[in-house]
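# A structural walkthrough
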Amino acid sequence: MPGAIYAEGLVKTFGDVRALDGVDLDVPQGTVLGLLGPNGAGKTTTVRCLTTLLRPDSGTAVVAGLDVLRQPDAVRRSIGLSGQFAAVDEYLTGRENLQMVGQLYQMSARAARARAGELLEQFHLTEAADRPAKTYSGGMRRRLDLAAALVVSPPVMFMDEPTTGLDPRNRQQLWDVIKQLVSDGTTLLLTTQYLEEADHLAHEIAVVDHGRVIAKGTSDQLKARTGGERVELVVHERDRIQDASGVLRGFGKGEVTVEEHTRKLTVPVTGGAKLLAEVIRELDARGVEIDDIGLRRPTLDDVFLSLTGHVAEATDEDNGQKAGRAAQDRRRRKETTK
Amino acid sequence: MSAATDTLRTPAPAGAFGRSVRDSLVVAKRNLIRMVRIPEVVIFGLIQPIMFVVLFSYVFGGSMNIGGTTSPSVYREFLMAGIFAQTVTFATAGAGAGIAEDMHKGLIDRFRSLPMARGAVLTGRTLADLVQTALTLVILAVVALLVGWRTHTNVGEVLAAFGLLLLSGYAFTWIGALIGLSVRTPEAATSGGLVWLFPVTFISNAFVDSSRMTPWLRHIAEWNPFSATVQACRQLFGNPGVSTSEAWPMQHPVWASLIYSILIVLIFRTLAVRKYRSATA
């Protein structure tokens with residue numbers, strides 16, 4: 001029996017661009033699929049096809065047991081969509097927004113009002129409920145948007161980059177909400193550019209590139225394919241590179257790579273933080289002074305590099321955004337290295 | 001979730017038409033709330049026609065020959081039907097910009113993912129614009145009375161004229177809806193929604209006596225749907241300058257205005273709803 005979200009051979013072209021080039025997906029009920037990929041890979045187009053917003057050129061899509069192409073209206077009754085933008089009317093209050101969405105889900109006005117109240121409480125928006133959404137912070141708007149997608153407690157949810165642009169605290173909050181949702185039995189398809197996010201939330205990850213699913217598996221499986229963890233260090237003095245390299249060889253599971261001009265050494269390892277501590281002790285014992293050392297875990301870029309041979313690329317119009325995210329990623333990576 | 005969820009899932013009982021009306025009213029309410037919260041839009045929408053009333057009647061009045069006289073007071077009465085009609089058509093730009101903005105902000109995506117009637121987002125918007133147009137007309141009529149505009153018929157005919165104006169404005173908002181769905185940015189919808197209105201409203205009988213135009217221009221003016229509404233209003237208000245042209249719309253302006261408006265609604269509603277179904281931000 002096909003899962004709560006099922007797609008086979010989805011193709012969508014825009015002019016010369018083959019945005020989807022035969023996407024296959026199967027998400028069992030009550031699980032989370034993370035759709036991971038760079039901008040322009042086809043994540044959003046996939047979501048749009050599955051949520052009746054876009055008609056694929058060919059292929060089959062079944063959501064909540066309903067044929068997306070033949071029963072679009074029935075599908076719409078069974079899904080919630082939270083898009084890339086917080087799609088709320090900023091001049092309406094939080095309550096008015098939710099009430100409107102409820103009524104458009106064909107609830108009675110009274111039922112919609114009651115449900116809006118419930119959701120505002122659940123999403124900690126009660127205090128701001130009667131202020132125009134314009135006055136909300138980015139995180140609050142996201143929560144309101146998500147609440148709007150949950151008005152009918154749909155059995156199947158789609159979230160397109162739900163945490164893009166959120167600060168770490170808000171991201172964490174939203175993750176908690178999503179986890180709660182899934183533990184209540186909702187099936188979720190979530191797109192993201194962050195491996196970390198997919199890691200946190202998804203039971204299974206599908207990596208998309210150029211409109212195709214190029215790899216599928218749990219996050220551990222994908223990371224294993226990507227080559228796992230590495231220890232990366234920078235020695236203080238150039239003439240100690242040889243000594244440091246010797247130490248790393250003793251702990252590593254492969255070749256030690258050396259970048260002379262940056263005094264940086266990298267080696268694949270298994271053993272995590274414990275091993276890192278041992279490496280540091282050993283370097284210390286030999287009197288090798290280091291500027292930086294860290295355990296580097298595979299990032300989205302690494303997954304991409306190993307799966308496709310190219311780095312995750314951004315489309316032109318997304319470059320600005322992408323640059324901002326790259327900076328965030330760097331910061332985050334730094335945090336894990338400390 | 002709560003015990004209420006089950007009852008919430010049950011859709012409100014309504015047929016396809018009932019659902020369409022109900023959804024349209026929900027969306028109209030949303031747009032009316034916006035109007036109240038952003039009163040600037042309504043206010044700026046008023047400044048322009050009031051400025052036109054003042055500028056045209058005082059600058060042009062006195063040099064315009066209407067029915068053989070250049071009296072400024074005659075021109076002022078002649079002018080008002082034109083200004084009323086022009087004002088209602090300018091609602092087009094508002095509808096276009098609003099819908100383009102909804103696209104831009106992802107709201108149209110949200111609406112399209114909901115199990116609501118397909119035309120309701122656009123119908124709701126045009127209905128809200130109709131309310132705004134009515135409000136604008138009331139204020140404009142007061143200003144017109146202040147500068148000396150008078151009607152010389154009965155209440156029924158005056159109300160009929162305003163009815164035609166509202167219908168015509170409603171029809172034009174559907175053109176705006178199509179423009180809003182077709183452009184990439186709200187800014188483009190605003191300018192794109194206005195640019196073509198200048199020739200439409202100026203190559204007409206709104207501000208000058210069209211019988212004095214060169215023949216080809218006069219033909220366009222006389223068959224211009226906009227002119228039919230202006231002519232009908234002049235007739236129903238009992239204002240001077242009613243064209244005596246042989247052209248059918250000038251002979252039967254009330255019917256012509258009605259037919260034109262209904263045709264515009266039918267054509268542009270169909271096109272806009274089709275566009276909406278495949279709209280992508």
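Residues numbered from 1 in each chain as written. Chains lettered and ligands numbered in written order. Predicted model: local features only at pLDDT ≥ 70, side-chain atom pairs only at ≥ 80, totals over all residues. Heavy atoms only, no water.

### What about helix H1 (residues 43-50) of chain A?
The condition that has to hold: Accessibility here uses a 1.4 Å probe with only protein chains present; expressed as a share of the type maximum, an area under 20% marks a residue as buried, one over 50% as exposed, and anything in between as partly exposed. Numbering of helices and strands starts at the N terminus; helices are DSSP runs of H or I of at least 4 residues and strands are runs of E of at least 2.
With respect to burial, H1(A) is a largely interior element, seven of its eight residues being buried. The complete set of buried residues in H1(A) reads A:Lys43, A:Thr45, A:Thr46, A:Val47, A:Arg48, A:Cys49 and A:Leu50.

### Some thoughts on the pairing of strand S9 (residues 204-209) of chain A
Residue and element names in this part refer to chain A. Basically, it comes down to this: One bridge is not enough; two strands pair if DSSP finds at least two bridges between them.
Counting buried positions along S9 yields five of six residues, so the element is predominantly enclosed. Relative to S9, strand S3 (residues 32-36) is paired through four bridges, and the arrangement is parallel. Within the sheet, the bridge partner assigned to Gly34 lies in S9 and is Ile205. In this sheet, strand S10 (residues 212-217) lies alongside S9 in antiparallel orientation, the contact comprising five bridges. Bridging from a neighbouring strand, Val207 pairs with Ala215 of S10.

### Observations concerning the sheet that holds strand S12 (residues 257-259) of chain A
Residues and elements named next belong to chain A. To keep it simple, the criterion reads: Lines fitted to the C-alpha atoms define the axes, with helices restricted to the stretch that makes contact. Angles between their N-to-C directions range from 0 to 180 degrees. By definition in these notes, contact holds between two residues if any of their heavy atoms fall within 4.5 Å.
The four strands lie next to each other as S12-S13-S11-S14, forming an open sheet whose pairing is antiparallel. At either margin of the open sheet sits one strand with a lone partner, and together these are S12 and strand S14 (290-296). Looking at each pair of strands side by side, their axes are set apart by 15 degrees on average, direction ignored. Across five bridges, strand S11 (residues 230-235) lies against strand S13 (residues 264-268) in antiparallel orientation. When the bridges of S13 are listed, Arg230 appears paired with Pro268. Against the sheet, helix H10 (residues 272-285) touches S11 and S14, its axis set at about 160 degrees to S14.

### Examining the interface of chain B and chain A
Cut-off, in case you're wondering: The term buried area denotes the loss of accessible surface (1.4 Å probe radius) that occurs when two parts are joined, taken as the sum for both partners. The term salt bridge refers to a pairing of a side-chain nitrogen on Lys or Arg with a carboxyl oxygen on Asp or Glu at a separation within 4 Å. Distance and chemistry together define a polar contact, namely a pair of N or O atoms within 3.5 Å, with one atom able to donate a hydrogen and the other to accept it when in protein, and with adjacent residues in sequence counting only for side-chain atoms on both sides.
Counting from both sides, the interface comprises 35 residues of chain B and, opposite them, 40 residues of chain A. Between chain B and chain A, a total of about 3400 Å² is buried, with carbon and sulfur atoms accounting for 56% of that surface. At the junction of chain B with chain A, the criterion picks out seven salt bridges. Linking chain B to chain A there are 16 residue pairs in polar contact (both at pLDDT 80 or more). Elements with a contribution of two residues or more to the side of chain B that touches chain A: helix H1 (5-9), helix H2 (16-37) and helix H6 (107-112) of chain B. For the side of chain B that touches chain A, the leading source of residues is H2(B), giving nine residues.

### Concerning the UniProt feature "transmembrane region" (unreviewed entry) in chain B
Residue and element names in this part refer to chain B. Definition in use: UniProt positions are given in the numbering used here, feature names are shortened, and annotations may be inferred rather than shown by experiment.
Per the UniProt record, the feature "transmembrane region" (unreviewed entry) sits at residues 38-58, 78-100, 121-147, 159-181, 188-208 and 254-272. When the span residues 188-208 is considered, its composition is 67% helix and 0% strand, and the gap between its end C-alpha atoms is 30 Å. Between the C-alpha atoms that bound residues 254-272 there is a distance of 26 Å. The span itself is 100% helix and 0% strand.

### Let's talk about the pattern of salt bridges
Under the counting rule described, the total for this entry stands at 30 salt bridges over all chains. A salt bridge links B:Arg34 to A:Asp89; its shortest N-O distance comes to 2.7 Å. One end of the pair, B:Arg34, is in helix H2; the other, A:Asp89, is in the loop between strand S6 (79-82) and helix H3 (94-104), on a second chain. In terms of burial, B:Arg34 and A:Asp89 fall into one category: buried.

### As for the packing of aromatic side chains
Given two aromatic rings, their pairing is described by the distance between the two centres and the angle made by the two planes. Residues and elements named next belong to chain B. Put simply, the rule reads: Aromatic contacts are taken between Phe, Tyr and Trp rings whose centres are within 6.5 Å, Trp giving its six-membered ring; a plane angle under 30 degrees counts as stacked, one over 60 as edge-to-face, and the others as tilted.
Applying the stated criterion across every chain, the model contains 14 aromatic pairs over all chains. Considering the side-chain rings of Phe56 and Phe60, the 4.8 Å spacing of their centres and the 70 degrees angle between planes classify their relative orientation as edge-to-face. Pair noted here: Phe56 and Phe60 are both in helix H3 (residues 39-60), with a separation of four residues, about one helical turn. Here Phe60 falls in the partly exposed class, since its relative accessible area comes to 33%.

### Quick look at unusual backbone geometry
Residue and element names in this part refer to chain A. Backbone geometry places Glu161, a non-glycine residue, at a positive phi of 45 degrees. Mapped onto the elements of the fold, Glu161 is located in the loop between strand S7 (156-160) and helix H6 (168-183). Non-glycine residue Arg263 carries a positive phi angle of around 60 degrees. The residue Arg263 is located in the loop between S12 and S13 in this model.

### Considerations on the side chain of B:Thr229
Structurally, B:Thr229 is set in helix H12 (residues 225-237). Those residues in contact with B:Thr229 that lie beyond four places of it in its chain are B:Leu164, B:Leu165, B:Ser168 and B:Ser257.

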